[in-house]
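Descriptive analysis of the structure
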Amino acid sequence: PNDHLPGAAFTLSAGGIWDTIRTQKDLNLPAHKVMVANIRCAEIARDQLAAFTSDQAWQSLKAEATSAEQRVLLGFNARLSSLMDSCILGYEAD
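Residues numbered from 1 in each chain as written. Predicted model: local features only at pLDDT ≥ 70, side-chain atom pairs only at ≥ 80, totals over all residues. Heavy atoms only, no water.

**A closer look at the side chain of Gln48**
Within the secondary structure, Gln48 sits in helix α2 (residues 29-54). Overall, Gln48 belongs to the buried group, its relative accessible area being 15%. (Helix = DSSP H or I, 4+ residues; strand = E, 2+ residues; numbered from the N terminus. Buried < 20%, exposed > 50% of the residue type's maximum accessible area, 1.4 Å probe, protein only.)

**Focus on the nonpolar core**
With six residues, the main nonpolar core is built from Phe52, Trp58, Leu61, Leu73, Leu83 and Cys87. Elements that contribute at least two residues to this core include exactly α3 (56-66) and α4 (76-93). The contact partners of Phe52, leaving out residues within four places of it in the chain, are Trp58, Leu80, Leu83, Met84 and Cys87. (Core = buried A, V, L, I, M, F, W, Y, C linked by side-chain atoms within 4.5 Å. Contact = heavy atoms within 4.5 Å.)

**Thoughts on the pattern of salt bridges**
Scanning the model with the defined rule gives two salt bridges in all. The residue Arg40 makes a salt bridge to Glu43 at a minimum N-O spacing of 3.3 Å. Highlighted residues: Arg40 and Glu43, both in helix α2, separated by three residues, approximately one helical turn. Residue class for Arg40 comes out partly exposed when judged on its relative accessible area of 30%. Two residues, Glu64 and Arg79, come together in a salt bridge whose shortest N-O distance is 3.1 Å. Taken together, the residues span a long stretch of sequence, with Glu64 in helix α3 and Arg79 in helix α4 at a distance of 15 residues. Classification of Glu64 as partly exposed rests on a relative accessible area of 27%. (Salt bridge = Lys/Arg side-chain N within 4 Å of Asp/Glu carboxyl O.)

Structure below.
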């Protein structure tokens, strides 16, 4: 497991630890690590979604799907699945 925090999360992590120390006599630091991990996962998800929506292949597929000329877009499922798989792999890699 990776025990390193990204630099952007350090301030939040340090502040959260001190808040916990001040308010609780029984510290639960593993719960704090879970909170930091959840924040990082949310950041990665936002980054992946932004990359997905700006991807040229997605933009092209979206334009084809929403055009008035096309009623049925052949291969839509396979193309979308490929794009989604790529996005999920990017999330898992981060």
